[in-house]
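Each chain is listed here by its residues.
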Number of protein chains: 2
Amino acid sequence: MAYGCRVTQTSPGAQRPRALRPAGLATRTAIEDAARSLFAERGFDGASVRAIAAEAGVDPALVIRHFGSKEALFLRTVDTSLGIGTVLDGPLETLGRRLVAYFLDPRRPVIRQRYVALAQAAHHDQVREEMIRHTAETYVGPLAPRLTGPHPELRVALAVAQLGGLLNLLFLQRDPIVTAADPEVVIATYGDAIQRLLTPPDTP
Amino acid sequence: MAYGCRVTQTSPGAQRPRALRPAGLATRTAIEDAARSLFAERGFDGASVRAIAAEAGVDPALVIRHFGSKEALFLRTVDTSLGIGTVLDGPLETLGRRLVAYFLDPRRPVIRQRYVALAQAAHHDQVREEMIRHTAETYVGPLAPRLTGPHPELRVALAVAQLGGLLNLLFLQRDPIVTAADPEVVIATYGDAIQRLLTPPDTP
DNA sequence: GTGGTTGTGTCAACACCGTTGACCGTTGCT
DNA sequence: AGCAACGGTCAACGGTGTTGACACAACCAC
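Residues numbered from 1 in each chain as written. Chains lettered and ligands numbered in written order. Predicted model: local features only at pLDDT ≥ 70, side-chain atom pairs only at ≥ 80, totals over all residues. Heavy atoms only, no water.

1. Some thoughts on the overall build of chain A
Argument step 1. If you tally the helices and strands in chain A, you get 10 helices and zero strands.
Argument step 2. Order of helices (α) and strands (β) in chain A, N terminus to C terminus: α-α-α-α-α-α-α-α-α-α.
Argument step 3. Across the 204 residues that make up chain A, the buried fraction comes to 46%.
Argument step 4. Within chain A, residue pairs in contact and separated by at least 24 positions form 64% of the contacts whose partners lie at least 6 positions apart.
Argument step 5. On chain A, roughly 10100 Å² of surface is accessible, and the fraction owed to carbon and sulfur atoms is 56%. (Helix = DSSP H or I, 4+ residues; strand = E, 2+ residues; numbered from the N terminus. Buried < 20%, exposed > 50% of the residue type's maximum accessible area, 1.4 Å probe, protein only. Contact = heavy atoms within 4.5 Å. Areas by Shrake-Rupley, 256 points an atom, 1.4 Å probe, with all protein chains shown as cover.)

This is the structure we're talking about:
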């Protein structure tokens, strides 16, 4: 009954070791680097734990030992925010187009990789919950108070849905029409449709 | 070099046997029924070939024998259209709201199941191509000619993207905000945003 | 009727997957 | 010195989709 820190009495989730030694930390980051690389390169399903372990030069079992599960490793490794960050800080009136422009920017090819990996992992519960949390924290929290008119939270959530729809068609489905279209036209057209959710025309 | 009908010379895809006998047809439909049921119930990943075979009362190998692969069985079994059909026939001016209303209708719980299964299978190439084909055939083809203004095909594709975004947030991510919201509000708000893509206000 | 072809079905196996338990050496604290 | 915990390896488990070898049944030509 009296044991160490590996497993506590009630929560099997808190299994990450505290006070790790230098060697442990080194291999941990090696595994994280390998995971980041392979998840981006091959997606969630395509990157096997064994391949990640091989890339990091360790035993597959050690990956699970350190991170608990492949899903947990993914969550600790892949940035679910896709690097949005400061885009949301600008003026609300042009946010629609700026959001679309950010994700369509060819100088950020990492976004596509991360989104594909994220979408593949989306039907695992922990990842799903993290995405919900991220939406609430990154989008709804900061944005809803700045909106006028009814149902601000819902309208932000719907704007996020609309944004996700574009990423889905563009990066996952690779729809030929949208892919071949002039990015500026997509930014203007789709951005304005998102804008309508954030600042409806009858709410000046 | 000279063999029967199982595999033709050039196309390895046409491997389904012709002129099947009654017994074969019966088990084929049994497998299809089991697959339809389990794919809807557990999704693409959750429904294993072995489970489908067990439900149909046959050997797992027979499933692959008959359909070539799990992916092919899925494509032959699940309706990728989600039953849209006649919704697109009505007046263009109210199509945005009608589309959203169709997918939010609680009398059609099958839609959610099929969408989840479809989304899980979406990163397999054949399924992806089928979805692109379906978008082109069901939405872009009939709708784009009815649109006025510039880039009609692109605007239809973007409307489809937007619609998919809602389904994604609602059925896959199960976002609490949208889930808890009044469906009528969602239909009005999101439907009007879609409508803006189809009939922009500056194109009367 | 006989033989060959072909569809139908079964069985065992392959290669791979995420994960776990048993085990061992090393580290660091007391 | 002793001991607990960490860092790591190994083999294995139960699961996956898929394949090849093989057996039986139905049809067709002779």
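2. As for the packing of aromatic side chains
Residue and element names in this part refer to chain A.
Argument step 1. Summed over the entire model, instances satisfying the criterion amount to 10 aromatic pairs over all chains.
Argument step 2. Plain terms: the ring middles of Phe 44 and Phe 74 are 5.1 Å apart, the flat faces sit at 85° to each other, and that makes the pair edge-to-face. Taken together, the residues Phe 44 in helix α1 (residues 22-46) and Phe 74 in helix α4 (residues 70-77) connect sequence positions 30 residues apart. Comparing Phe 44 with Phe 74, the two get one shared label, buried.
Argument step 3. Three or more aromatic residues joined by ring pairs make a cluster, and in this case those are Phe 39, Phe 44 and Phe 74. (Phe/Tyr/Trp six-rings, centres within 6.5 Å; stacked < 30°, edge-to-face > 60°.)

3. Re the interface of chain A and chain B
Argument step 1. On the side of chain B, 35 residues touch chain A, which itself brings 35 residues to the contact.
Argument step 2. Elements represented by at least two residues in the side of chain A that touches chain B include exactly α7 (125-143), α8 (152-172), α9 (176-180) and α10 (183-198) of chain A.
Argument step 3. If one sorts the elements of the side of chain A that touches chain B by residue count, α8 of chain A sits on top with 11 residues.
Argument step 4. Grouping the amino acids of the side of chain A that touches chain B by side-chain chemistry returns 19 nonpolar, eight polar and eight charged. (Nonpolar A, V, L, I, M, F, W, Y, C, P; charged D, E, K, R; others polar.)

4. Here we look at the relation of the copies chain A and chain B
Argument step 1. The transform that puts chain A on chain B rotates by 180° and translates by 0.0 Å along the axis, for an RMSD of 0.1 Å. The operation mapping one copy onto its partner corresponds to a two-fold rotation axis. Using C-alpha coordinates, one finds that chain A approaches the rotation axis most closely at Gly 165 of chain A, a distance of 1.8 Å.
Argument step 2. In this assembly, 100% of the residues forming the interface of chain A have copies in chain B that are likewise at the interface, indicating an isologous arrangement. (Least-squares fit on C-alpha atoms with pLDDT ≥ 70 in both.)

5. Side note on the UniProt feature "domain: HTH tetR-type" (unreviewed entry) in chain A
Argument step 1. The positions that UniProt labels "domain: HTH tetR-type" (unreviewed entry) are, in the present scheme, residues 25-85 of chain A.
Argument step 2. Across residues 25-85 of chain A, the secondary structure splits into 75% helix and 0% strand, with the terminal C-alpha atoms separated by 28 Å. (UniProt positions renumbered as here; feature names shortened; annotations may be inferred.)

6. A few points about the packing of helix α2 (residues 49-56) of chain B against helix α3 (residues 60-67) of chain B
Residue and element names in this part refer to chain B.
Argument step 1. Close contact between α2 and α3 brings their axes to 8 Å; oriented N to C, the two are set at 100°. It follows that α2 is roughly perpendicular to α3 by the angle criterion. Between α2 and α3, the contacting residues are Val 49, Arg 50 and Ala 53 on the first element and Pro 60, Val 63 and Ile 64 on the second.
Argument step 2. Counted by class, the contact of α2 with α3 contains five nonpolar, no polar and one charged residues. (Axes fitted to C-alpha atoms, helices over the stretch in contact; angles between N-to-C directions. Parallel < 35°, antiparallel > 145°, perpendicular 65-115°, else oblique.)

7. Focus: the confidence of the model for chain A
For any part of a model where pLDDT is low, the fine detail of the predicted coordinates should not be relied upon.
Residue and element names in this part refer to chain A.
Argument step 1. For chain A, the mean per-residue pLDDT works out to 88, and 87% of the residues sit at or above 70.
Argument step 2. Here α1 stands out as the element of chain A with the lowest mean pLDDT, 91, in contrast to α8, whose mean of 97 is the highest.
Argument step 3. This stretch, residues 1-18, has a pLDDT under 50; its non-local contacts, to residues over four places away or in other chains, come to 10 contacts. (pLDDT = per-residue confidence, 0-100.)

8. As for the environment of Val 116 of chain A
Argument step 1. Checked against the element boundaries, Val 116 of chain A lands in helix α6 (residues 110-121).
Argument step 2. Using a relative accessible area of 21% as the deciding quantity, one classes Val 116 of chain A as partly exposed.

9. Quick look at the pattern of salt bridges
Residue and element names in this part refer to chain A.
Argument step 1. Taken as a whole, this structure holds 16 salt bridges over all chains when the rule is applied.
Argument step 2. Residues Asp 105 and Arg 108 are paired through a salt bridge, measuring 3.0 Å at the closest nitrogen-oxygen approach.
Argument step 3. The buried category is assigned to Asp 105, whose relative accessible area is 11%.
Argument step 4. The shortest N-O distance in the salt bridge between Glu 137 and Arg 133 comes to 2.5 Å. Of this pair, Glu 137 and Arg 133 both sit in helix α7, four residues apart, which is roughly one turn of that helix.
Argument step 5. The exposed category is assigned to Glu 137, whose relative accessible area is 54%.
Argument step 6. Since its relative accessible area comes to 38%, Arg 133 is described here as partly exposed. (Salt bridge = Lys/Arg side-chain N within 4 Å of Asp/Glu carboxyl O.)

10. Observations regarding α4 of chain A
Argument step 1. All of the buried residues along α4 of chain A are Glu 71, Leu 73, Phe 74 and Thr 77 of chain A. Projected onto a plane normal to the axis of α4 of chain A, the buried residues spread over an arc of 160° and lie on a single side. (Arc of directions from axis to C-beta.)

11. Regarding unusual backbone geometry
Argument step 1. Its identity as a non-glycine residue notwithstanding, Leu 82 of chain A has a phi of 55°, on the positive side.
Argument step 2. Following the sequence through the fold, Leu 82 of chain A ends up in the loop between α4 and α5 (95-104).

12. Quick notes on the UniProt feature "DNA-binding region" (unreviewed entry) in chain A
Argument step 1. As recorded in UniProt, the feature "DNA-binding region" (unreviewed entry) lies at residues 48-67 of chain A.
Argument step 2. Note that residues 48-67 of chain A is 80% helix and 0% strand, and that its end C-alpha atoms are spaced 14 Å apart.

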